[in-house]
Amino acid sequence: MSTTTASSTEKRKAPAGERVADWADGRLGIYSLAKANMRKIFPDHWSFMLGEICLYSFIIIILTGVYLTLFFHPSMNEVEYHGSYVPLQGQLMSEAFNSTMHISFDVRGGLLIRQIHHWAALIFVAAMLVHMMRVFFTGAFRKPREVNWLFGFLLLVLGMFTGFTGYSLPDDLLSGTGVRFMQGAVLSVPIVGTYLSMFLFGGEFPGGDFVARFYSVHILLLPGIMLGLVVAHLILVFYHKHTQFAGPGKTNKNVVGMPLLPVYMAKAGGFFFLVFGVIAAISALASINPIWALGPYRPDQVSTGAQPDWYMGFSEGLIRVMPGWEINLWGHTLVLGVFIPLVIFPLVLVAIAVWPFIESWVTGDKREHHILDRPRNAPTRTAFGVAWLTWYFVLLIGGGNDLWATHFHLSINSITWFVRIAFFVAPVIAFIITKRICLGLQRRDKDKVLHGRESGIIKRLPHGEFIEVHEPLSQEQLHTLTAHEQNKPLELGPTVDENGVERKVKGSQKLRAKLSQGMYGEDSQIPKPTAEEYKEITSGHGHH
Amino acid sequence: MSSQDIPEENLPVAQADGADLEKHGDNPFADPGLPPHEHRIQDIDERAAKRSERTVAFLFTLSMLATIGFIASYVAFPVDKSIYVWPIGHISALNFALGMTLGVALFCIGAGAVHWARTLMSDEEIADERHAIEAPPEVKAKVLADFKQGAKESAIGRRKLIRNTMFGALTLVPLSGVVLLRDLGPLPEDKLRHTLWAKGKLLVNQNTNEPLRPSDVAVGSLTFAKPEGLEEHDHDFQTQIAKAALMIVRIEPDDIKDKQELEWSHEGIVAYSKICTHVGCPISLYEQQTHHVLCPCHQSTFDLTDGARVIFGPAGHALPQLRIGVNEEGYLQALGDFEEPVGPAFWERG
Amino acid sequence: MKKLSARRRHPLAAVVVLILALAATGGLYAAFAPADKAQAEETSQSLAIEEGKKLYSVGCASCHGTGGQGTTDGPSLVGVGSAAVDFQVGTGRMPAQQPGAQVPKKKNIYTQAQIDQLAAYIASLGAGPVTPTDKQYSPEGADIAKGGELFRTNCAQCHNFTGEGGALTKGKFAPSLEGVSPKHIYEAMQTGPQNMPSFPDTTMPEKQKKDIIAYLDAVNGEKTESPGGLKLGGLGPVSEGLFAWIFGLGALIAVAVWVAARTAKAKKS
């Protein structure tokens, strides 16, 4: 520190806040950090806040989870219940169940915290899925954000498993049935299945270990990894700066919006409280996982309507609709009826996760993209996304087939058959329909650009014909509707070179050209209006 | 992922048409730039701004009151007090009061902050420049050069022996961690093949804890049994019942299609494992007219008149049947253990 | 079958049934009411059987045969006992309206006195479970917790944890037990109506049936408390998931739309 600055500091006594900041800057370099970030710009759009819902519900889960650990006993020792809930008096149960009963009935506010924890968990995973779909359908995963897409995807997967292990901890009849299912699935793994099961459960099912083991996975291992990924995810969001939709003044080289301090800080900070408030109110109004009604787990008891929490529902659907294939050969059993769903389960998720990489390989596009696509302007991607969602949704239906059967008076067998067929057919239909809708919307945009907006005013021409008056679009609208890029399909080029020698084209490149043709060929996009077309039409104005 | 076979000019990088259009001054689609800022009511009308200020302050105050309400409810309501709230029903007064006050306290802070931001903080949109994420070529060159220098100084490329032994050591060291996992559980051995059932063990009714007589079991009835000697208080009750749970029904012997099933039954009383062969749910949705048993978890359906063969759903094989008879005192007894492993299939099942 | 069962559940179906039921009740009442009083005075078992037979030949004989021997349309009633009649007719399942995967419960069209007469007649055809008395099924003094354990072992697999009902194969279902009277629950356990297995006293003594009834009353009765709030049908994670998506995430997205929306601009004038 030079003497001049030192003396000038002495001259005027800096306010306390500044002095603290100075102290911190000398050790942490916060001024340089703040210079880059304090007035960082964030665009305003409701769909950009979906990720915030995830972040905040994650924080809420951690806060409430820590509280729950103060009362929960992760032990499977059998005890007799003597709490305040009458219908379970004297029943044998594990300490885990007993302590969850204690939290629910004897700790003041314990039930509320438990319900907030569980509701927030359901909302957390739901919000992650919706957030991921927002990123997918707007093409926000493109360079430079592919790595962040993967971080987000990992968070979704880890969130599912953290949820599953948490759901299993109270050791109630419903979650115990879920754990039994998981154990059965582990057993189906060829060669090592029985060993894995024995190691996981410390012996035969259910044994006396799994609650304690799931507990450390649920409160330490998985959330630890997730916390790291969340931080990395956020750092990258800051580093990349947020994407934005096309519009006047918004280019690929800038970001338009409100500064972090004060607007965004107030909005984002306020949104945390809003999310927490809504979840707290929901937890006051709606019951979740009433374990006292379910009873303690016993491997010889069960209830109909045994389902996992919703985010595992699609795997439940897979396992429910799979035919019971089993191959017995040379003294060994290949349990395909369980193992195939177990293999498809991660593949369902991976199918959507790899799309960004397939897309970038097909386009060969190496540029950065900060302007979001409107879903209609990427018909193949949008159609793929909708097809995937349809697939996922069909499996969710399969996972709840018994409840749909009783509530819509259908046969459970028919629903199962419907899901079996729809598993293959529905995504294809969804793909075709979505693509057509996208192309239709592109055509409408083109019409709007070239002929203006339908004003709803009907005019009668002198010769008797009725026409609707079209209002020309403003410069802003014209720009917004034509700002998107359209990829051209890849050409492999001539198959023979100038010397007449056949050029070898690798199979992968042929595939790539084919995919590119499918994604960007004539059938997959409507050429956007050109300036020339526009001028030609508008110069002869008066015609419609 | 190479693009070597595709001519450069076909790549979309070369196709960006938006950029060259912008060069034309008369492009009708050109970006008109950020629209001018429009004032909100609060920006020009101080009364409106005051109103906003009061709203925000009101929300923050409401939050404070709600927090006081939270503390008051915590103290005032007994933990087991029940109230009727329309249309929800009879609910815990404490949970309802705590949740609603906490919800309001939090929501109002958020609503106040957002309203403040929306109405009183500047809403002028600002454009910030983006900077390329890729490092400029000279930086890249410097880094590569530094890296080469470092690698060269370490001589890792030249002294292959060091490199290879180091990789070897690093690969082996995690094995210690893997080995440590061995004691997580015992080896499977033949644990999954045996249950508590053995010759002479009585079938004990799970409801009454009394051994069953054939006359107890009527056609169309459903009874669950456990092996004699297994008590709920036993330390391994859960693990044993997970394999030994039994489902007992009586079928008119003429209705039994499977020969072995009839042989292993006693006067039409058949004893099947209650544990589904799919993934192990206790299967017991017995339809007494069709003699089908449905699993509530994944809907595998078994036909009890035909050796509990699978007739629908994901289960891969029939439910194991326990051979039963009657002892001298007239009680139902097992004539041995299950002849095949009960529950979900596994690799060594065969 | 599908269509039929769909039509049977048409909202108007209930109205039609109701009108038919009222007409039938009125007619039957007009025909038998004076006789009823006379019987009450005489309290003769044989007369009850006689009246029951008359009711039987009008309402039941077409499916179950003139002597209760059964036909292709309905099973034999010899030996089903008075409890079965009291359950089937008392819950409105019988007389059945249309064939289907399962005969659902509907509005009962007989008076209790008529049901007793029918039951007396059927009981006279062959011995079977007898209609329980109030003392047998009333939940007073029962062990609720034991009832819960019994319920989870014997009943929950079909009727769900708290008796909300569940699906069986091919369109059949285990009905919800909400609002079902203790007597009918007792009779159902005793007789095993339709595809439900029976739980006779030999394997589930009277006391245990009482325990189960008491448990059901405690967890799914009119006064049952749901401490956490809305029960969401008592169906578990599926309805919770739907709630989380629609009301949880839905509300949060609505809030997000408000947070990000532009504030109203001053009107240009």
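Residues numbered from 1 in each chain as written. Chains lettered and ligands numbered in written order. Predicted model: local features only at pLDDT ≥ 70, side-chain atom pairs only at ≥ 80, totals over all residues.

1. A look at the confidence of the model for chain B
Residues and elements named next belong to chain B. Overall, the predicted model of chain B reaches an average pLDDT of 90, with 93% of residues at or above 70. Counting contacts from residues 12-24, a segment whose pLDDT is below 50, to residues more than four positions away or on other chains yields 20 contacts. In the predicted complex, the global pTM is 0.90; the interface-specific ipTM is 0.90. (pLDDT = per-residue confidence, 0-100. Contact = placed C-beta atoms within 7 Å.)

2. A few points about the sheet that holds strand 1 (residues 41-42) of chain A
Judged by pairing direction, the sheet is antiparallel, and its three strands sit side by side in the order 1(A)-5(A)-3(B) without closing on themselves. The open sheet has two edge strands with one neighbour each: strand 1 of chain A together with strand 3 (126-129) of chain B. In terms of strand pairing, strand 1 of chain A meets strand 5 (residues 254-259) of chain A through two bridges, oriented antiparallel. When the sheet's bridge partners are listed, Ile41(A) is paired in strand 5 of chain A with Pro259(A). Here helix 11 (residues 260-285) of chain A sits on the sheet and contacts strand 1 and strand 5 of chain A; the angle it forms with strand 5 of chain A, its principal contact strand, is near 75°. (Pairing = 2+ DSSP bridges. Helix = DSSP H or I, 4+ residues; strand = E, 2+ residues; numbered from the N terminus. Axes fitted to C-alpha atoms, helices over the stretch in contact; angles between N-to-C directions.)

3. Structural notes on the domain arrangement of chain B
Examined at the domain level, chain B breaks down into domain 1 (41-119) and domain 2 (192-349). Taking only C-alpha atoms into account, the centre of domain 1 of chain B sits 57 Å from that of domain 2 of chain B. (Domains from an automatic or database assignment.)

4. Remarks on the UniProt feature "transmembrane region" (unreviewed entry) in chain B
Residues and elements named next belong to chain B. According to UniProt, the feature "transmembrane region" (unreviewed entry) maps to residues 56-76, 96-117 and 161-181 in the numbering used here. Taken end to end, residues 56-76 comprises 100% helix and 0% strand; its first and last C-alpha atoms sit 30 Å apart. Secondary structure content for residues 96-117 is 100% helix and 0% strand, while the C-alpha to C-alpha distance between its ends is 31 Å. (UniProt positions renumbered as here; feature names shortened; annotations may be inferred.)

5. A few points about the UniProt feature "domain: Rieske" (unreviewed entry) in chain B
Per the UniProt record, the feature "domain: Rieske" (unreviewed entry) sits at residues 243-333 of chain B. The span residues 243-333 of chain B carries 9% helix and 33% strand; its end-to-end C-alpha distance comes to 17 Å.

6. Here's the deal with the interface of chain B and chain A
Chain B puts 94 residues into the contact, and the matching count from chain A is 114 residues. Within the residue set of the side of chain B that touches chain A, elements represented by two or more residues are helix 1 (17-23), helix 4 (93-119), strand 3, helix 8 (237-244) and strand 11 (309-312) of chain B. The greatest single-element share of the side of chain B that touches chain A, amounting to 18 residues, is contributed by helix 4 of chain B. A class-by-class count of the residues in the side of chain B that touches chain A yields 58 nonpolar, 24 polar and twelve charged. Here strand 5 of chain A runs beside strand 3 of chain B; their pairing, made up of four bridges, is antiparallel. Its bridge partner being in strand 3 of chain B, Asn254(A) is matched across the sheet by Glu129(B). (Nonpolar A, V, L, I, M, F, W, Y, C, P; charged D, E, K, R; others polar.)

7. Here's the deal with the packing of helix 18 (residues 412-451) of chain A against helix 19 (residues 475-482) of chain A
Residues and elements named next belong to chain A. It is the contact of helix 18 with helix 19, at a shortest axis distance of 10 Å, that shows an interaxial angle of 145°. Relative to helix 19, helix 18 is oriented so that their crossing is left-handed. Here helix 18 contributes Asp445, Lys448 and Val449 to the contact with helix 19, which in turn contributes Leu478, Leu481 and Thr482. A breakdown of the residues in the contact of helix 18 with helix 19 according to their chemical character gives three nonpolar, one polar and two charged. (Left-handed = near helix turned anticlockwise from the far one by under 90°.)

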